[in-house]
Amino acid sequence: MKKILIGFDGSDGSRDALRFGDAFAELEDAKLIVAAVFSFDPLPVQARKTFAEAEAEYFKQRFSEAQGQLGHGFESRPVSWVSPAKALHDLAEDEEIDLIVIGSTHRGSVGRILPGSVGERLLHGAPCAVAVAPRDFAQGEHVGIGLIGVAYDGTEEAKLALDEAKRLAQKLDCRLRLITAVPTQSPSPLRAPYMEVLRDHFRKDLDEATSKLGETDDVEAVLEEGKPAAVLAKHGVELDLLVIGSRGYGPLRRTLLGGVSAEVMRTAPCPVLVVPRAAKSVREKASAPHAVTE
């Protein structure tokens with residue numbers, strides 16, 4: 001990753017995003033860009049400040065706060081007259097951002113992810129990967145990333161998520177955990193044969209994925225029965241980062257959440273990175289042989 005974009009509005013959630021985005025940028029040696037969005041609200045009649053003055057003061061305050069929290073330089077992007085979600089989306093497209101980092105709403109439980117309205121809109125159409133920091137992430141002590149989990153079910157989206165998780169694990173020299181959840185069914189004698197077939201199917205996909213990673217003590221594979229989001233959330237307590245794929249339909253260059261991934265975003269107790277299907281074209285381009293010209 002070369003460019004990381006963080007949306008900052010001074011809220012507790014955006015401070016969580018700033019803390020995580022800064023740590024991730026340092027790990028990836030990426031350029032850090034902080035965006036502040038000034039959305040116009042009608043000023044009261046008695047207000048003496050003009051719109052331009054209010055706008056200038058807002059940006060000055062936001063970037064000063066960000067500087068105080070980061071303690072080092074970053075590139076600032078002041079944006080006006082547009083919704084925060086659209087601002088981050090357009091900046092990501094215009095500047096070829098690799099990752100957008102947002103915070104979660106502070107209505108949920110401490111340590112949980114619950115994207116607000118801006119996050120929800122981004123997660124259903126961002127042109128790049130999106131990471132969400134859990135509530136009060138900025139208040140904790142974070143040494144680094146030692147264990148990365150990846151949600152794996154054998155689909156193309158899961159394979160892309162695994163590629164990204166593997167890249168990060170190798171670069172950061174940390175452990176990797178593949179997590180496969182076999183969806184449970186209502187108890188019934190007729191369900192038993194079906195569940196056995198389903199377990200075999202997921203086990204085969206998981207074994208194939210781990211075999212391609214090679215034999216190493218830094219990779220573990222876990223197969224559990226249960227609701228996928230609940231299984232992933234349970235492992236999230238131990239994870240420093242959870243990587244998931246986006247759903248397999250809709251525009252190619254977009255991050256789109258399906259039912260399971262959306263539920264994960266509401267229940268995960270660790271930072272979550274959503275990998276868009278655009279990563280597929282990037283991966284194929286990188287692996288393609290170079291043309292030979294005379």
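All of these numbers come straight from a predicted model, not from anything done at the bench. Residue numbers here run from 1 along each chain, matching the order of that chain's written sequence. Local features in this predicted model are restricted to residues whose pLDDT is 70 or higher, and side-chain atom pairs enter the listing and the counts only when it is 80 or higher, whereas totals over whole chains, interfaces and linings include all residues. Just so you know, side-chain values use all the structure's heavy atoms and leave hydrogens and water out.

A. Spatial organisation of the overall build of the protein chain. The numbering of helices and of strands both runs from the N terminus, where a helix is a DSSP run of H or I of at least 4 residues and a strand a run of E of at least 2. Within the protein chain one finds nine helices and ten strands. Note on classification: 1.4 Å probe, protein chains only; a residue is buried when its accessible area is under 20% of the maximum for its type, exposed when over 50%, partly exposed between these limits. Every one of the 294 residues in the protein chain was classed for burial, and the buried ones make up 48%. Intrachain contacts of the protein chain at a sequence separation of at least 6 include 75% that bridge at least 24 residues. Each accessible area value is a Shrake-Rupley result obtained with a 1.4 Å probe; residue values ignore everything except the protein chains displayed when judging cover. Surface accessibility of the protein chain: about 15,200 Å² in total, with carbon and sulfur atoms responsible for 52%. In this description, contact between two residues means that some pair of their heavy atoms is separated by no more than 4.5 Å.

B. Structural detail: the packing of helix α1 (residues 12-28) against helix α2 (residues 51-70). The N-to-C vectors of α1 and α2 enclose an angle of 50°; their axes lie 11 Å apart at closest approach. It follows that α1 is oblique to α2 by the angle criterion. By crossing handedness, the relation of α1 to α2 is classed as right-handed. Facing α1, whose interface residues are R15, L18, R19 and D22, α2 presents E65, A66, Q69 and L70. Charged means Asp, Glu, Lys or Arg here, nonpolar means Ala, Val, Leu, Ile, Met, Phe, Trp, Tyr, Cys or Pro, and polar covers whatever is left, Gly included. A class-by-class count of the residues in the contact of α1 with α2 yields three nonpolar, one polar and four charged. Structural elements are reduced to axes, namely lines fitted to C-alpha atoms, with helices fitted over the stretch in contact, and the angle between N-to-C directions of any two is expressed from 0 to 180 degrees. Angles below 35 degrees are treated as roughly parallel, those above 145 as roughly antiparallel, those between 65 and 115 as roughly perpendicular, and all remaining angles as oblique. Left-handed describes a crossing whose near helix is turned anticlockwise from the far helix through less than a right angle; right-handed describes the clockwise counterpart.

C. Region of interest: the side chain of S14. As for its position among the elements, S14 is in helix α1. Residue classification places S14 among the buried residues on the basis of a relative accessible area of 5%. Not counting residues up to four positions away in its chain, the partners in contact with S14 are G7, F8 and D9.

D. Spatial organisation of the environment of V82. If you trace the backbone, V82 turns up in the loop between β3 (75-80) and α3 (84-94). A relative accessible area of 18% places V82 in the buried class. Along the chain, V82 and F38 lie 44 residues apart, while their C-alpha atoms are 7.7 Å from each other. Among all residues touching V82, those that are not within four sequence positions of it are V37, S39 and A87.

E. Examining the nonpolar core more closely. Among buried residues, those of type Ala, Val, Leu, Ile, Met, Phe, Trp, Tyr and Cys that are joined through side-chain atoms within 4.5 Å constitute a nonpolar core. Within the largest apolar cluster, 48 residues are counted, with the highest numbers of intra-cluster contacts made by I4, F24, L99, I148, L176 and L273. Excluding residues that lie within four positions of it along the chain, L273 makes contacts with M1, L99, A129, V130, A131, E164, L168, L241, L242, V243 and I244. Judged by nonpolar contacts, the second largest core, of 35 residues, contains A35, A87, I97 and L242.

F. Summary view of helix α5 (residues 156-172). One less than the residue count of a helix, multiplied by 1.5 Å, gives the span that helix is expected to have. Look at α5: 24 Å from first C-alpha to last across 17 residues, which is about the 24 Å you get at 1.5 Å a residue. Buried residues of α5: E157, A158, L160, A161, L162, E164, A165, L168, A169 and L172, and no others.

G. Region of interest: the environment of K159. When you line up the elements, K159 lands in helix α5. Along the primary structure K159 and A209 are separated by 50 residues, whereas in three dimensions their C-alpha atoms are 8.3 Å apart.

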